[in-house]
Amino acid sequence: MKAELALPVAGLLSDAPLDQVVAATRACNAAAAALGCPLEAPFQSLAFLALSVIPKLKITDHGLVDVERFELVPLAAQ
């Protein structure tokens, strides 16, 4: 195993102290990068993709996408 971050609270949250979660998250991201993953935060992207509470929006390596319109969603304040 290269790195891990246990998420014992409903499979979504860690009960560890913040500094440990941050360190483990960085280790997981570094391990993914070492394996060739080009994404800055691959596990955040994967977690967001499966959120059933946001059925119309998905995050990709190109940004936030409205999947019904097949368009990127601008994130700048207007």
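Presented here is an overview of the structure given in this document. Please read these numbers as outputs of a predicted model, since none were measured by experiment.

Direction of pairing for strand E1 (residues 57-60) relative to strand E2 (residues 63-66): antiparallel, over a ladder of 4 bridges. Across the sheet, Lys58 pairs through a bridge with Val65, a residue of E2. Sheet analysis places E2 next to strand E3 (residues 71-72), joined by 2 bridges and oriented antiparallel. From the neighbouring strand, Val65 faces E3, where its bridge partner is Leu72.

Glancing now at unusual backbone geometry. Here the phi dihedral of Ala10 falls at roughly 60°; this positive angle occurs in a residue that is not glycine. Along the chain, Ala10 falls in the segment before helix H1 (18-34).

With 17 residues, H1 ought to run about 24 Å at 1.5 Å a step, and its terminal C-alpha atoms sit 24 Å apart, in line with that. Within two residues after H1, Gly36 carries a phi angle of roughly 105°, on the positive side.

What counts as what
Residues numbered from 1 in each chain as written. Predicted model: local features only at pLDDT ≥ 70, side-chain atom pairs only at ≥ 80, totals over all residues. Heavy atoms only, no water. Pairing = 2+ DSSP bridges. Helix = DSSP H or I, 4+ residues; strand = E, 2+ residues; numbered from the N terminus. Expected span 1.5 Å × (residues − 1).

Nothing here speaks to function; it is geometry throughout.
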